[in-house]
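# Residue-level structural notes
Here are the chains, one letter per residue:
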Amino acid sequence: MHAKEMILALCLALFLLGGNLACQRMSGDEEQKTLHYFTWSDYVGPELLAEFERRHGVRVVVDTFSSNEELLAKLQGGATGYDVTVPSDFMAAIMIQQGLVAELDPAMLPNATTLEDHLQHLPFDPTQRYAIPYLWGTVGIGYDSAIISTPPDSWAVLWDSRYAGKISMLNDQREVFGAVLRSMGASMNTKDLALIEEAKVRLLAQKPLVKAYASDHYDQLLASGDVVLAHGWGGPVARAMKDRPSIRYVVPKEGGTLWADCLVVLQSSPRKELAMQFINYLLEPQVAARTAERLLFASANKEARPFVPAHILDNPAIYPPLELLPRLEWMTDVGETLRIYDRAWTELKMQ
Amino acid sequence: MKQSGGWLWRASVANLFFLYGPIAALIIFSFNASRLSAAWQGWSLHWYRALWADQALQAAAVNSLWVATVSTLLALLLGVSLAVGLEGLPGRRQRQIEQALLLPLVIPEVMMGVSLLLFFVLVRMPLSLTTVIVGHALFNVPVVLVIVRARLRKLDPRLLEVAADLGASYGDALRYVTLPLLSPAILGAGLMAFTISLDDFIVTFFTAGPGATTLPLKVYSMIKSGLSPEINALSALFVIVSMGLIGFSLLLQRR
């Protein structure tokens, strides 16, 4: 490399970096026309994005995160420039509390008026001032009906030694404790220390039967037959059904978790109006229906139901039957008690 | 002698298998027809086709290549000028400065990521692709420095004296003697920096802002929606490209 080339490289590097900076500081107009959507991987179909871009003459840039905690860390760390994001219900509650989320204008969100009845008043945002439910579902048990011939109806089946080494649990402390607390007839949001202690003892007794604490790949474990019972969200169980049709999904009689991922506009967003148009678009009945079909999670918009294929609507892993609702509960903030859960969970994982 | 040779050979093979077994498995399973990583259902190029059609992944790949290119050029610029400049300092000062410059090589990457994030927030630089590039350039400067310095030490100092005798100014000597002799090391260092930047997850994770999802970040977030063999196919391509670049870089350094 000769000196000339070095100088050339120097100029090139500075030029590229400069160009980069220039791109960041696009003219105000251009900047207003790019929407930044921070979401889970594969959470929106590319053709749906293209449709929104075409209709509004804007560009949508998608960035992805892998967990609610990562999302919060990123925003708390000072990342700005994202407009719309999709935290789960409990994380939306935390983000609202911390002032990270902007107030919404109901007039701009006509599609949010037709949400499923039970999603209209979320416990942490009863008047939909900050968060609009987008997708929802339950936590229950996926099982292989070819092996387990009598359909399980209780969380107790996860303690059945006949299935030792063929059980997977979520790798999520609140959900795992939720399962055992419910099997004891308690709430997953209990702050009763004695109950939590007993739950821990029961989980320690269960541990030898558990093949894996897995949140990400239990659909594969189920589909490949490595486990025959999996504690988890309905969507991945529905995915496993495609590869192994004998897979079924049940929310036990003691009840399960009701969850919803919520669309929010960030307080730091410079394009709140466009952000709300985007949220309204994602909730459009036909758009929402296509999303439900793609992701195998139920759409929060009631009006989407007519556009969802029957086999999706009838699959309890995707669309929870409405008669289940009285038995479902939201996961709520347990305040200081979280530390007790933390300690018990660590103890469980260490043993 | 012969016996110990055979033993050594077997140990080397075992070692190689330990190092490359998992990567080989990854590459083989990227051709699996089944969606399940555990079950083999015959050969297929399906996942490579899926990869080809995946726009989100392609955008991430473009981001990664862009970051790697610009940050490598920046790191070369800073690293080479540092290496050459250090040569002119007295021995003790030289060692002190060099040690300070090499610190980023031993600092845990997580700390570097967090400190970069804090720094960018402090100077009010919004996180973006630019901050990722700056971060990558930062950890690549010492890499370039080490490689180029190693080559510089092997240069015969008399060459520069000869150049001066023949009337060359410092600039001329640098231009016509030092840099041409360094060029294999510079190219090698550049390829190494490029590879490291392409693969980096941790620093990128902390410094990425809107529109700055690179391939490693994207792959990590894809795990959430199930381990698709598309990831295997992508990783296989990445491994092959990275190995090729590293091999090329070593080849150049040997020259």
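Residues numbered from 1 in each chain as written. Chains lettered and ligands numbered in written order. Predicted model: local features only at pLDDT ≥ 70, side-chain atom pairs only at ≥ 80, totals over all residues.

## What to know about the overall build of chain A
To be explicit about the condition: By the criteria applied, helices consist of DSSP H or I runs no shorter than four residues and strands consist of E runs no shorter than two, each listed in order from the N terminus. Just to be clear, the radius of gyration here is over C-alpha atoms, and the globule rule we use is 2.2 Å times residues to the power 0.38. Whether a residue is buried, exposed or partly exposed follows from its count of other C-beta atoms within 10 Å of its own C-beta, namely 20 or more, 12 or fewer, or something in between, respectively; the C-beta atoms are built from the backbone. We call two residues in contact if the C-beta atoms placed from their backbones are at most 7 Å apart.
A count of helices and strands for chain A gives 13 helices and 11 strands. Taking 2.2 N^0.38 as the reference for a compact globule, 351 residues should give roughly 20 Å; the C-alpha atoms of chain A span a radius of gyration of 23 Å, in line with that estimate. Projecting the C-alpha coordinates of chain A onto the three principal axes gives extents of approximately 70 × 55 × 40 Å. Classification of the 351 residues of chain A by burial places 44% in the buried group. In chain A, once contacts between residues fewer than 6 apart in sequence are set aside, the share between residues at least 24 apart is 73%.

## Structural notes on the overall build of chain B
Along the backbone of chain B there are 11 helices and zero strands. What you see in chain B, going N to C, is helices and strands ordered as α-α-α-α-α-α-α-α-α-α-α. Considered along the principal axes of its C-alpha atoms, chain B spans approximately 70 × 65 × 30 Å. Burial analysis of chain B (255 residues in total) assigns 37% to the buried set. Restricting to contacts in chain B with at least 6 residues of sequence separation, those with at least 24 account for 79%.

## Thoughts on the nonpolar core
For clarity, the threshold we go by: We define the nonpolar core as any set of buried residues of the types Ala, Val, Leu, Ile, Met, Phe, Trp, Tyr and Cys, connected via C-beta atoms lying within 7 Å of each other. For the domains described, the bounds stem from an automatic or database domain assignment.
Judged by nonpolar contacts, the single largest core of 159 residues is most densely connected at A:Leu229, A:Val264, B:Val144, B:Val148 and B:Ala189. Broken down by element, the residue count for this core peaks at 13 residues, all from helix H6 (residues 129-154) of chain B. Both domains that furnish three or more residues to this core are identified here as domain 1 (30-135 + 260-320) and domain 2 (137-258 + 326-350) of chain A. Residues contacting A:Leu229, with those up to four places away along its chain left out, are A:Ile141, A:Tyr143, A:Val157, A:Leu158, A:Tyr163, A:Lys166 and A:Ile167.

## Examining the domain arrangement of chain A
Residues and elements named next belong to chain A. Formally: Three classes are used, and their members are as follows: Ala, Val, Leu, Ile, Met, Phe, Trp, Tyr, Cys and Pro are nonpolar, Asp, Glu, Lys and Arg are charged, and the others, Gly among them, are polar.
Taken domain by domain, chain A holds domain 1 (30-135 + 260-320) and domain 2 (137-258 + 326-350). The centre of domain 1, based on its C-alpha atoms, is set 27 Å off from the matching centre of domain 2. With 13 residues of domain 1 in contact, the opposing surface of domain 2 contributes 13 residues. Across the side of domain 1 that touches domain 2, the residue classes tally to 11 nonpolar, one polar and one charged.

## Some points on the packing of helix H6 (residues 173-183) of chain A against helix H7 (residues 193-206) of chain A
Residues and elements named next belong to chain A. Where we set the bar: A fitted line through C-alpha atoms serves as each axis, taken over the contacting stretch for helices, and the angle formed by two N-to-C directions is quoted from 0 to 180°. Here the angle decides the label: under 35 degrees means roughly parallel, over 145 means roughly antiparallel, 65 to 115 means roughly perpendicular, and every other value means oblique.
In contact at an axis separation of 9 Å, H6 and H7 are set at 100° when each is read in the N-to-C sense. With respect to their mutual orientation, H6 and H7 come out roughly perpendicular. Between H6 and H7, the contacting residues are Val176, Phe177, Val180 and Leu181 on the first element and Leu195, Ala199, Arg202 and Leu203 on the second.

## Quick notes on helix H5 (residues 89-97) of chain A
Turning to H5(A), its buried residues are A:Asp89, A:Met91, A:Ala92, A:Ala93, A:Met95 and A:Ile96. Backbone geometry just downstream of H5(A) places A:Gly99 in the positive-phi region, at approximately 75°.

## Some remarks on the environment of B:Leu252
Within the element layout of this structure, B:Leu252 appears in helix H11 (residues 229-254). Setting aside residues no more than four positions away along its own chain, B:Leu252 makes contact with B:Pro184, B:Leu187 and B:Gly188.

## Things to note about the packing of H6(B) against helix H8 (residues 170-199) of chain B
Think of two packed helices as two axes; the pair is described by the angle between the axes and how far apart they sit. Residues and elements named next belong to chain B. Condition: Working rule for handedness: look at the near helix, and if it is turned counterclockwise from the far one by less than a right angle, call the crossing left-handed; if clockwise, right-handed.
Following both chains from N to C, one finds H6 and H8 inclined at 155°, their axes separated by 9 Å at the closest point. With respect to each other, H6 and H8 are oriented roughly antiparallel. Crossing handedness for the pair H6 and H8: right-handed. Between H6, through His136, Asn140, Val143, Val144, Ile147, Val148, Arg151 and Leu152, and H8, the contact on the second element is made entirely by Leu182, Ala185, Ile186, Gly188, Ala189, Met192, Ala193, Ile196 and Ser197. Of the residues assigned to the contact of H6 with H8, the class counts are 12 nonpolar, four polar and one charged.

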